[in-house]
Structures are given as C-alpha cells and as structure tokens.
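Read off the chains here:
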Amino acid sequence: MKHTDQILKTCALWSSCLEEIEPMLPQQAAKSKMIHQTMQALLRREDDPGSTYPDSWYPLQAEALAAGYLLSSPDQIRKFLKNYRDELSGESARMLRGLLSCPMQWTAYRVIRREGGGFLYIEDLLEETEEPMLLYSPGTSNILRSSVDQDVTFIALLFFNGSCWQTSGIIHNYASVKTDDILYYCNGLDADEFASGGLTGVINRHFIDFFSLDDVSTIPPIKFRKQRGYLLWREFQLMGIGDTQLPGVWEIDSSDSGILRMTYEGPDEELASAPPLECQDPEDPWERMSMFTPYIYIDPDTDELCITASTMHDYQILVSALSCRFDLGNSEQTWPTYRISPTVYATSLKLPRFHIPWHRFSEDFDAADTQEAEDPSLEKFNRLLREVNEARHYGTTVDIAKRCSDLGIDQESFEQVLSKGDEMAERNHPSLEFTPEDRAFELNDFPVPPPASRRAFFFPLFMSEIFILDESFRTLDLVAEYSGETVASQVFSSGIGEYFTDLFETAFSTMGPMVMNYTFYILVYHSDQQIFVRSLAIEILKLHHHHLVLTGMYESAEKFIEAYSKFILRGLCTKGLLEVEQRPKGQPKSQGLYRIKPSPLFRAFISLQPGW
C-alpha cells in the first residue's frame, strides 16, 4: 500500500499541534486534585536513587497522564479550548475541535503487519473491529525492530487524525502481557471503572498502579518444553468430591479452615491407562511439565473446588483426573476461567487493591508456606541459593564451601538441592547435545557473555550497546571498494549499521539482530584468524538454541547451521565484510565447513565498546 503525501502531511501537522499544546496540558490537568496528586507522585520518583528508568521518564509520564485525562474527554477538551483560546494557534484549535468527535483513548494493540515509513496495521486487543487499523507510529516500528519477541503488546494514547491513527507520547511495550492479562489486570484494579470507562478510564484513574507493569515489560514469556507458562485457574462445584479418591498419585494437605489441597505427583495405573488429551506431551502425557505444582483445592463443606496449574498440559492432567469420576461437560465448561502470565500476576500481588479469586482456597496454605520460609536455617539456605543464582546471572562465582561454612549450612545438602534445581531447569530447558565431531569446532578463546549481558545482543546494530561503529566517509569508501558501488549507494542511504541489520533480519527474522551481534562479537576476538563458519554457528546455538530450535524456528540445530552457513557466504562475504579462505562448494558450503576472517572493511567499521 502506498501512503500519499497528504496523509504524511496530516500526520506531521497533528504532531506539530500536539507539540504546541503539550506544555499547556499539565497546568490545566492539575486542576483535578486526583491528577495533581498523581503527577506530583510521578515527579518525586525522578529523584529516586533506585530508579532504573531513563532520564526524564517520569516527567514524560506526567505529561502522558495529563494528555490522557484532558484529551480523552469532550468536556475536558471544551474547557481547555475555552481557557487557552488566546494562546492556541488556529491549527491547534482545529485539531482539538477534531478530537471532540473522536477523543484520544488509551489502547492496547498488537501489530499485524508493517507497511514501512512508520505506518503499520494494528489490532485493538480489547475492541472487536472488523478491519485492521492504520497507524502512523515510527516509535512502534522502532520498538518492534529491536524486540526479541515480535508478538509484542503495546499500550499507548491513540488518536484519529481524519486519515489514520497516531500515537501520542510514551509507547509502553510488553513482552509477556496479552489480552487475558489486560482484562484480568483492569478488572482487578477497578472493575466498575473498566465496565464504564474501559481501558482509558482505568489508566486515568489508576495511572501509577497500572503502569507498574513497566517493571516487568522486558521479561520474556516463560516456556516449559515449548509450552508457554501461565497461571491457570477454574472453579467447579462437584457433589461428593470430598469423599472421592481421584486416580493418580497425590499428596493431600489440610488447612486450618478445613480446605484440602491435593498436589499431583504422577499417574497411577488407572490414570496412565486413560487416553491422552490433545494438548498433552505425546511422549509422556501424564508427566508434570512445569516446575510449579498443579493443585486441586477442595472445600468439603460446599463441594466447591478449584484447579490451578502453570501450563495447559498440567491443567489438562487435573481435568483428566476429575473427568474419570465426574461429568465436567464440554471443553468450553472446562476451559480455564483465568489465564494470566506469571509476570502480570506477580505485579498484581504488589497492589493491595487486587482481589484474586482463587485466594479464598489457597490463602491459608500460602500463609503457612510463608511462615515456614521464615525459619532461620531455611532463610540462610535460600539466601545462598539467591547468591549462587545471581552470580551465575552476572558471570561471577561463589565459593560454596566457604559460604556454607560461614552460614552454618551443610554443604552436601546444599549441593544436592542445587543439583536438583539444575536438573529441573535442564528438564524444562534442555541443553543442546553436540556430537564429538561438532565439539571439535567449539571456540574457547572469546569471553562468553553472562546471562545479564545477553539482552543487549537482541538490539539492532544501529542501537547497539556492544559495538562502536565507524560510519565515516573513510568507511563508506571501503564499502565501495570491497562490495561495489551498488551496495555502497544502498549503505549511503540507510547507514552501514542499519544495512547489515536488515540483511540479518531478512535471513533470520526476529532472531536476526541476535545472530548478527554474536557473529560480529566473536569475529572481533578473531580478527586476524581464519575460523570455520560452523564454529560460529555452534557457539550461537550453545547460547540460544532455545530461541532458534526449541521454539520451532528451525527443525534442528543442523537446519540452523545450514541456513547460517549459506547466509554468511552470500550475505556477508559477497558484501566484502568477510573474506573466505577458499570458495566452498557442495557440503562445505551448506555445513559451514569453510574458513572466513574479517576483512579490512569489517575491522575499520566495528569495534567493541569499553567493558565488552
């Protein structure tokens, strides 16, 4: 689709009008006591020494609060027009009058497709619309380019300019938040306001609490053997449940209030013989999939129960056990009532106004578990576990023997717990097994980034925290010399960093920036050496096979190596960035069995930032 100059001119005009009125909005919005108090609370956070947000984040939040409050209400827009009529330009006054018929609104949306030039087609996640919405938002496009997971949820102020939609102010983006999460979160914050005012009403009224979600915005979805992790819950009423022995192996606990908790431990002969459900693991349909425990809670006095799990696989195990004794109806009647991402649930726990429905069954057990965790010896145990996990995250080490001695912990017991945790993690995120022949291709002479640093590898090259890029005319001359004038003209129009990012994104889709950055990172440390392309591919797979293979992006590690090997030859060697030792043919070309090294263009263009 081609977007006319007229649409772009309209977008530019509305953007300039917003820039004119934005400084006026906070003063007018502050006439509301609730908004004034919220803005002051946001501005005080700017001086919080523990803040991890960029400079000016909270002032921008305060501006967004003011804009959302004033420009989402026709009554407030009329008051603003009246109070500032002498200060507004004709274009800004016309823009505001245009908003009277279609005010701004906070919108949760996902991108259906990008059109280029800052235009996208989007879907409103909370409103049923027959047609995709055309949005002009270069900011959304840039976030999508730099995101690890392209299925991102965006929340921003949107307005219609007569030709298309536009965003105003900060664009919030979330890796783990989906439609069910937003519905749960809004109803938990203020169900009445959500029913009457929708998402806009909830955000205007509970701005700070709502955007507590920003603290978990970058946390990726949790997966267990390719299934996405959720907190799943449904309540049933089944007569006689308290007297029924369900098939399977269960640990049964009782709370002080009489509620029973059944913890699924595995199948017995009866359950193992039941036909597996469609969504279950065909290899072992009754094995628990997640490290979190699936529960059945029972109130024997009322025959009410609820089931909770963290994957659909585990949830269906519980449904299957119940189905052996009771008629549960059709699949619609057994589908989870709530399906919430763990990150959103964790955020809601910090907000005291939340009513979490299944807590009426679980709260007695949760309180008992919390009390047990306060035991001094257990607290020391958990403290050391946190130290070890944090050290692994940041690439440091802990002297376990010394710390166990300091804390008075039995080292053998601690190492057994640590080993079991590692085994559980391996079950849910199994490491990639290489043949002895492939082990010979491993590289051991570059610093492997610790987990805490690896997120930086998912950003495009032109936004990189890892590299220093030299895009001077001297480097552009080298582009022409090593890759030809055709490539040089393309590079000149887009920039070298963006050009190579686009090459990798075209070849490897959402994983393009990650594959690119690790490739360049390793090559910097081997700038004067010939190394096998297969070695590069294997090192990337060792770090990120769960993104490349376990998610189904590639059928196997060998399929990724094949795609990577062909790309390096066609995409980088032909562009003069790398030099090939000998032009490969046949299997060497597709299996990475040829050597490359950085060219003078590569060495001139890219180097590491200090600290890397």
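As shown above, the structure is provided for reference.
Residues numbered from 1 in each chain as written. Predicted model: local features only at pLDDT ≥ 70, side-chain atom pairs only at ≥ 80, totals over all residues. Heavy atoms only, no water.

S.K.: Go over helix α3 (residues 33–45) with me, naming the residues and quoting the values.
M.R.: Here α3 is 13 residues long and its end C-alpha atoms lie 19 Å apart, about the 18 Å a rise of 1.5 Å per residue gives. Along α3, the positions that sit buried rather than exposed are Ile 35, Thr 38, Met 39, Ala 41 and Leu 42. Take α3 and look down its axis: the buried residues cluster within an arc of 160°, on one side only. Turned more than 90 degrees off the buried face of α3, the exposed positions are Lys 33 and Arg 44. On its buried face, α3 is in contact with α2 (25–29), α4 (57–71), α8 (179–205) and α9 (207–210). (Helix = DSSP H or I, 4+ residues; strand = E, 2+ residues; numbered from the N terminus. Expected span 1.5 Å × (residues − 1). Buried < 20%, exposed > 50% of the residue type's maximum accessible area, 1.4 Å probe, protein only. Arc of directions from axis to C-beta. Contact = heavy atoms within 4.5 Å.)

S.K.: Would you mind going over a negative patch on the surface in detail, with residue names and values included?
M.R.: On the surface, a cluster of negative charge is contributed by Glu 46, Asp 47, Asp 48 and Asp 55. Looking at where Asp 47 falls in the secondary structure, it is placed in the loop between α3 and α4. (Patch = residues over 30% accessible without salt bridge, like charges linked within 9 Å, V, L, I, M, F, W, Y side chains within 5 Å. Areas by Shrake-Rupley, 256 points an atom, 1.4 Å probe, with all protein chains shown as cover. Salt bridge = Lys/Arg side-chain N within 4 Å of Asp/Glu carboxyl O. Lys, Arg positive; Asp, Glu negative; His and termini not counted. Charge placed at Lys NZ, Arg CZ, Asp CG, Glu CD.)

S.K.: Explain the nonpolar core residue by residue, including any values.
M.R.: As a rule of thumb, nonpolar side chains are buried together in soluble globular proteins. Core analysis: the biggest nonpolar cluster contains 68 residues, and Ile 21, Leu 71, Phe 80, Leu 96, Leu 99, Trp 106 and Phe 210 have the highest contact counts within it. In terms of residue count, the dominant contributor to this core is α4 (ten residues). Residues contacting Leu 99, with those up to four places away along its chain left out, are Trp 14, Leu 71, Ile 77, Met 104 and Phe 159. Residues Ile 531, Val 549, Cys 573 and Phe 605 belong to the second largest nonpolar core, which totals 62 residues. (Core = buried A, V, L, I, M, F, W, Y, C linked by side-chain atoms within 4.5 Å.)

S.K.: Quick one: what's the story with the pattern of salt bridges, residue by residue and with numbers?
M.R.: Under the counting rule described, the total for this entry stands at 24 salt bridges. Across the pair Arg 325 and Glu 270 runs a salt bridge whose closest N-O atoms are separated by 2.9 Å. With Arg 325 in the loop between α11 (312–323) and α12 (331–334) and Glu 270 in helix α10 (residues 269–272), this pair connects stretches of sequence that are 55 residues apart. By relative accessible area, which is 36% here, Glu 270 ends up partly exposed. Close ionic contact of Glu 581 with Arg 595 constitutes a salt bridge, the shortest N to O distance being 3.8 Å. Highlighted residues: Glu 581 in the loop between β16 (578–580) and α26 (587–591) and Arg 595 in strand β17 (residues 595–598), separated in sequence by 14 residues. What makes Arg 595 partly exposed here is its relative accessible area of 30%. Linked by salt bridges that have partners in common, Glu 387, Lys 402, Arg 403 and Asp 406 make up one network.

S.K.: Can you break down the packing of helix α22 (residues 496–508) against helix α23 (residues 512–524) residue by residue, with the values?
M.R.: Packing of α22 against α23 brings their axes to within 7 Å, and their N-to-C directions diverge by 120°. With respect to α23, the axis of α22 lies oblique. Crossing of α22 over α23 shows right-handed handedness. Counted together, Phe 500, Thr 501, Phe 504, Glu 505 and Phe 508 of α22 and Gly 512, Pro 513, Val 515, Met 516, Thr 519 and Phe 520 of α23 form the full contact between these two elements. When grouped by side-chain class, the residues that make up the contact of α22 with α23 number seven nonpolar, three polar and one charged. (Axes fitted to C-alpha atoms, helices over the stretch in contact; angles between N-to-C directions. Parallel < 35°, antiparallel > 145°, perpendicular 65-115°, else oblique. Left-handed = near helix turned anticlockwise from the far one by under 90°. Nonpolar A, V, L, I, M, F, W, Y, C, P; charged D, E, K, R; others polar.)

S.K.: Quick one: what's the story with the sheet that holds strand β13 (residues 338–340), residue by residue and with numbers?
M.R.: Reading across from one edge, β9-β10-β11-β12-β8-β13 is the order of the six strands in this open sheet, with antiparallel pairing throughout. Every other strand in the sheet has two partners, leaving β9 (249–254) and β13 as the edge strands with one partner each. For this sheet, the mean inter-axis angle between neighbouring strands, taken without regard to orientation, is 20°. In the sheet, strand β11 (residues 295–299) pairs with strand β12 (residues 304–309) via five bridges, with the strands oriented antiparallel. Bridged to Asp 299 within β12 is Glu 304. Against the sheet, α11 touches β8 (231–237), β9, β10 (260–266), β11 and β12, its axis set at about 150° to β12. (Pairing = 2+ DSSP bridges.)

S.K.: So what's going on with the sheet that holds β17? Which residues, and what values?
M.R.: On the basis of which strands lie adjacent, the open sheet formed by three strands has the order β15-β17-β16 and antiparallel pairing. For this open sheet the edge positions go to β15 (531–532) and β16, each flanked by a neighbour on one side alone. Looking at chain direction, β16 and β17 are connected through three bridges and run antiparallel. Following the sheet pairing, Val 580 is matched in β17 by Ile 596.

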